[in-house]
Amino acid sequence: MTENSAASGIGKLFFPPAEDAAVGGPSVPAADAIAAGRPGAALSAADLESMSEAQLQAEILTLLAQLQRRRLAEPAIGQAHPDGTLGVDSMTAVWVVATLSKVYGRKLVNLSKVDRDSLRSVGGLAGLVRHAVDGFSQSVGAA
Amino acid sequence: MSMYVPTASTISQAWLATLDAVHHAGGRKVNVLTTVSEPEAEEDGGIRAAVDALLIPGHKQGTSIQSVDTVANTIFPASLYNDPGFAWSPDLAPNGAGRLDLAASDLFEAYGEMLPLLCTADGNHLGTYFGRMSTWPGKKAGGVNQLADRIKYLRLTRKGSSRTQNVADIAIGGEALAAVTDQPDVAEDAVYIDDIGLQTYAPTDRRLRGFPCLVHIDLTLLDGRLSMLAVYRHQYLITKAYGNLVGLSRLLSFLAQQTGFAVGELAVQATLADTERSTFGGKSGIDKILSTVRTTPAPLRLSQGVPA
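Presented here is an overview of the structure given in this document.

Here is what the cut-offs are and how they apply
- Residues numbered from 1 in each chain as written.
- Chains lettered and ligands numbered in written order.
- Predicted model: local features only at pLDDT ≥ 70, side-chain atom pairs only at ≥ 80, totals over all residues.
- Heavy atoms only, no water.
- Helix = DSSP H or I, 4+ residues; strand = E, 2+ residues; numbered from the N terminus.
- Buried < 20%, exposed > 50% of the residue type's maximum accessible area, 1.4 Å probe, protein only.
- Polar contact = N/O pair within 3.5 Å; in protein donor to acceptor, adjacent residues only side chain to side chain.
- Contact = heavy atoms within 4.5 Å.
- Phe/Tyr/Trp six-rings, centres within 6.5 Å; stacked < 30°, edge-to-face > 60°.
- Lys NZ or Arg CZ within 6 Å of the ring centre and 35° of its normal.
- Axes fitted to C-alpha atoms, helices over the stretch in contact; angles between N-to-C directions.
- Parallel < 35°, antiparallel > 145°, perpendicular 65-115°, else oblique.
- Nonpolar A, V, L, I, M, F, W, Y, C, P; charged D, E, K, R; others polar.

Examining the side chain of Thr 92 of chain A
Argument step 1. Structurally, Thr 92 of chain A can be placed in helix α3 (residues 90–104).
Argument step 2. A residue is classified by how much of its surface remains accessible, and Thr 92 of chain A, at 4% relative accessible area, is buried.
Argument step 3. Here Ser 79 of chain B takes part through its side chain, which lies 3.3 Å from a polar atom of the side chain of Thr 92 of chain A.
Argument step 4. Among all residues touching Thr 92 of chain A, those that are not within four sequence positions of it are Leu 64 and Leu 67 of chain A together with Ser 79 of chain B.

Put into structure tokens, the structure is as follows:
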């Protein structure tokens, strides 16, 4: 995610940064202190197909850190879910699925057909994604 | 006949007062104005808990029920905004301004990328309000970002007025335009907009059914405070109104923070305000809801053991 997101097609939104970096004021965290990179950029469709649910859960936690621009080691924002994993709100959950869909090259789900409970936790999301990817893999195999 | 609901200080009180007033006026009223004087004030925990209990996602009498937060997210997806915790000002160090810009850009980009998937959800196939505001026409990224344009315009306005050391009574257009164009360092691509309001539907939209309920958001600057008026064609007072207020207040806070103005008031004009008696058990059903809302205790805060 970049400032003045011209690259994203949104267009130049804000004033260009001043040339002199004045001292004072809140500073941007150093790049190596936060989960770096565009969310999902390091993943491939093959990665998603080979990951176990546990690995998917770990990857989702990385995506959340990237979304929230915080260190991976920092506590994730959210409460524990009864399934033992981190609880997430629905908007964040949809963002995760959309990001992984982009990695996979196609929409992984139709939200109108998704069990809402699968969008409430990292565990639920991992299961949802795993099931969707398996479904696509099987349909390709059957063809 | 139009109805003015006396101004309430919080979203919760404003919602309850409106529901009560319209209910006792027959259940449906035209041109109902609801005003929240402190949109950022903490919600009443008891009222919110009662509304949350009432709006369990699903269907009721054929009506789709969404949670308060789901409705609010259609107007402003708060969880995608990494609030830097400070407001913009013309004197902000570049690092700070950069952080604010980054938070906004991240929000717009994340939302734009997820919008096609979001539109597969029930009720979203025609787009979302935040989608229309941030990437018009609102079903995928790359559209016109009305919010970014208005942030840019308001920042220019603020810069201009701070130069004259007068942030009071800033009119949109008129004095504001002069304040903007009078600045020697205004960028050539600075945005001049004719209408500070946010459009959520196109004049060419000829749908007779499924037309967006929220049709316009107007922003006004007065005495250094940014206020918002949202116009709804049909305001569903139980299934949607509370979530709408939450979303609108979050949107207003975002715009105020990004432009450095204080938050003013939030007003909602419903051309038709509807207590949804047919969905919630008739007059007696709404009576019961009002009673429940008034008597639901606020949830305890686990950290403090006191009502929220």
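Picking up after the structure, the text goes on.
A word on the packing of aromatic side chains
Centre-to-centre distance and the angle between the planes together describe a pair of aromatic rings.
Residues and elements named next belong to chain B.
Argument step 1. Within this structure, the stated rule accounts for nine aromatic pairs over all chains.
Argument step 2. Between the aromatic rings of Phe 76 and Tyr 81, the centroid separation amounts to 6.1 Å while the plane-to-plane angle is 75 degrees, which identifies the pairing as edge-to-face.
Argument step 3. On the basis of an interplanar angle of 40 degrees and a centroid distance of 5.1 Å, the ring pair of Phe 76 and Phe 254 is categorised as tilted. Separated by 178 residues along the polypeptide, Phe 76 in the loop between α3 (68–75) and α4 (94–118) and Phe 254 in helix α8 (residues 241–259) bring together distant segments of the chain.
Argument step 4. Judged by relative accessible area, which is 2%, Phe 254 ranks as buried.
Argument step 5. Between the NZ or CZ atom of Arg 158 and the centre of the ring of Phe 261, over which it lies, the distance is 5.6 Å.

A closer look at the packing of helix α2 (residues 53–67) of chain A against α3 of chain A
Residues and elements named next belong to chain A.
Argument step 1. It is at 11 Å that the axes of α2 and α3 come closest, and there the two elements cross at 110 degrees. Relative to α3, the element α2 is oriented roughly perpendicular. Between α2 and α3, the residues in contact are Ile 60, Leu 63, Leu 64 and Leu 67 and Thr 92, Trp 95, Val 96, Thr 99 and Leu 100, respectively.
Argument step 2. A class-by-class count of the residues in the contact of α2 with α3 yields seven nonpolar, two polar and no charged.

Geometric values such as these leave the question of function open.
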